[in-house]
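# Architecture at a glance
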Amino acid sequence: MNLNQQHLPEIAQRIPGPTYDRQQLKTGIVHVGVGGFHRSHQAYYVHQLLNAQDALEWGICGVGLREADRMMNDIMQRQDCLYTLVTQYPDGTAKSEVIGSIHEYLLAVDAPDAVIDRMADPDTKIVSLTITEGGYNLNSTTGEFNLDNPDVQYELAHPNEPRTVFGYLTAALKKRRANGLLPFTILSCDNIQHNGAVTRKMLLTFAGNQDADLAEWIASEVTFPNSMVDRITPVTTAEVTDYLQREYDITDEWCVVCEPFIQWVIEDKFANGRPPLETLGVQFVPDVTPYEKMKIRLLNAGHSVLGIPGAIHGHPTIDACMDDAVFARFMRRFMDAEVTPILDPVEGIDIDEYKDTVAARFANPNIKDSVSRICSESSAKLPKFLIPTIRENLDRGGDIRLGTFILAAWCYYSDKQVDEHNQALQIIDEQKEQLHRAAQGTPTDWTSFLQQPELFGDLPENQRFVEEYTRAVQSVYREGDIRQLMQGLLSDR
Ligand code: CS2
């Protein structure tokens, strides 16, 4: 049975679903970037809220900005924006539920004005974003907005033809202001420290280049809460789709898989109201900084610390890495020796317990989170997850060996593009070509990979780092057995 609104009553006899009247939903939240994560996290929280209480004004309108979102759009239209969330427990059981909080989906490349109008509608109170770490158009070395981006250049010259999220937000805020409306809150849900502050800075630069007056209004009226988001959401595979079909006779073209763990910590700074998500365990706090740093530097970096050597060694998934004692110990040592010393105390959280929980989550054998997903877009991730930790340790004389080893492994991965068994690696990265070119020079110049200032900034000028990196990259290129090297690093000292 195809998943859609018409079949919902019958499907609801097999698995739980919306108990609210979806026809009555109003769009209170416009969300840009509907992928697996938004659907396992924010849309799930809102769905629970709608099931628990009268909150129909908080329906979600999903927006895809890119041509690449067309497939999601087509499926969302066919399924009336319904989808199944399958939660995979470590004991092998699964819980499936139909989520109904997204009730509308717009593809911006087809209907740019509809997107602007929806954002500018008086009912819209929040525009939230999961546009990935790379979507903020941020030069991670300078911390500034990249005005050279050709799409941005185009938008600045043609204010009525937005292309990037910044063009859309600016056009919609302009309209709200002209109509005498309150603004919306802009809520970033990406894994970037100070994600709200970064979004604010990027948007103000963009808007300032288009309309200085408007930029001033945005600066004083719009709020950008920082937030820390967490739920591991692997890429959906055919196995799960088949499972829904077999187990419940539900045909869902793009279901979502996730782990049981879920967390959301948000700064309580909303310009135009917010849903009462605290009733579902969302934490509203005055300062998210310590939470986001802890999560990004431990969990997200921990993923890369397993994933990159895991890919080289031939481990297909994160749980397979965790099943390998050398990998599990390596990650823990990285967390203990290189990350924990630079973290600030987090109220109500015991860091050791937090690390234990992360390790247990990674080890969940039913999640099957592929290392290719973890390694994807490493050029956007590592400058946010791992490189700042190395920098802070350099500043304070802390340990950098394991983190630096991962950068050396990343160079090898980008250069060889095959694993130790000569199997092609599935490398997904917007900068794939550049990474490959930079890595290729390694055997004649050991620091060739570091000559990418937008990734490494001035790190190549730090002598201690360069020595450590050179040692690591030489060992990776000469040894040819990454696991052996990891073991060696663990037994040193
Ligand atoms: C992962 C994240 O993309 C990655 O590298 O670390 O997607 C991670 O699974 C989520 O942030 C978990 O909340």
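That block above? That's the structure.
What comes next is a walk through the structure. (Residues numbered from 1 in each chain as written. Predicted model: local features only at pLDDT ≥ 70, side-chain atom pairs only at ≥ 80, totals over all residues. Heavy atoms only, no water.)

## A few points about the overall build of the protein
Looking only at helices and strands, the protein has 22 helices and 13 strands in total. Compactness check: the protein gives a C-alpha radius of gyration of 23 Å against a globular reference of 23 Å for 493 residues, within 12% of the reference. When its C-alpha atoms are laid out on the principal axes, the protein stretches across 65 × 55 × 40 Å. For the protein, buried positions account for 57% of its 493 residues. (Helix = DSSP H or I, 4+ residues; strand = E, 2+ residues; numbered from the N terminus. Rg over C-alpha atoms; globule rule 2.2 N^0.38 Å. Buried < 20%, exposed > 50% of the residue type's maximum accessible area, 1.4 Å probe, protein only.)

## Considerations on unusual backbone geometry
Glycine aside, the phi torsion of most residues is negative, and most peptide linkages are trans. Not every positive phi belongs to a glycine, and Asn137 is a case in point at roughly 55°. Here Asn137 is to be found in the loop between β6 (126-129) and β7 (138-139).

## Some points on the packing of helix α7 (residues 165-178) against helix α9 (residues 212-221)
Closest axis-to-axis distance for the α7/α9 pair is 11 Å, and the angle between their directions is 85°. Classified by the angle between their axes, α7 and α9 sit roughly perpendicular to one another. Where α7 abuts α9, its residues Thr170, Leu173, Lys174 and Arg177 lie against Asp213, Leu214, Trp217 and Ile218. Grouping the constituent residues of the contact of α7 with α9 by class yields four nonpolar, one polar and three charged. (Axes fitted to C-alpha atoms, helices over the stretch in contact; angles between N-to-C directions. Parallel < 35°, antiparallel > 145°, perpendicular 65-115°, else oblique. Contact = heavy atoms within 4.5 Å. Nonpolar A, V, L, I, M, F, W, Y, C, P; charged D, E, K, R; others polar.)

## Overview of the sheet that holds β6
Across a sheet, paired strands are connected by hydrogen bonds in the backbone, their directions being either parallel or antiparallel. Taken in spatial order, the five strands make up an open sheet running β5-β2-β1-β6-β9, and their pairing is parallel. On the outer flanks of this sheet lie β5 (102-107) and β9 (185-188), each paired with one strand and no other. The average undirected angle you get between the axes of adjacent strands in this sheet is 25°. One ladder, built from four bridges, connects strand β1 (residues 27-32) with β6; its direction is parallel. Bridge pairing in β6 links Val30 to Val127. Across the sheet, helix α8 (residues 195-210) is in contact with β6 and β9; its angle to β9 comes to roughly 120°. (Pairing = 2+ DSSP bridges.)

## Concerning the pattern of salt bridges
All told, the structure shown has 31 salt bridges when counted by the stated rule. Notably, a salt bridge pairs Lys175 with Asp117, separated by 2.5 Å at the nearest N-O pair. With Lys175 in helix α7 and Asp117 in helix α5 (residues 112-120), the pair connects residues that are 58 residues apart, well separated along the chain. Residue class for Lys175 comes out partly exposed when judged on its relative accessible area of 34%. A residue is classified by how much of its surface remains accessible, and Asp117, at 38% relative accessible area, is partly exposed. Between Arg274 and Glu278 there is a salt bridge whose closest N-O contact spans 2.8 Å. Classification of Glu278 by relative accessible area gives partly exposed; the value is 41%. (Salt bridge = Lys/Arg side-chain N within 4 Å of Asp/Glu carboxyl O.)

## Quick notes on the side chain of Asn364
Structurally, Asn364 is set in the loop between α14 (351-363) and α15 (371-375). You can call Asn364 buried: its relative accessible area is 3%. Once residues lying within four places of it in the same chain are set aside, the contact partners of Asn364 are Gln88, Tyr89, Pro90, Pro260 and Asp319.

Spatial relationships are all this shows, so hold off on functional conclusions.
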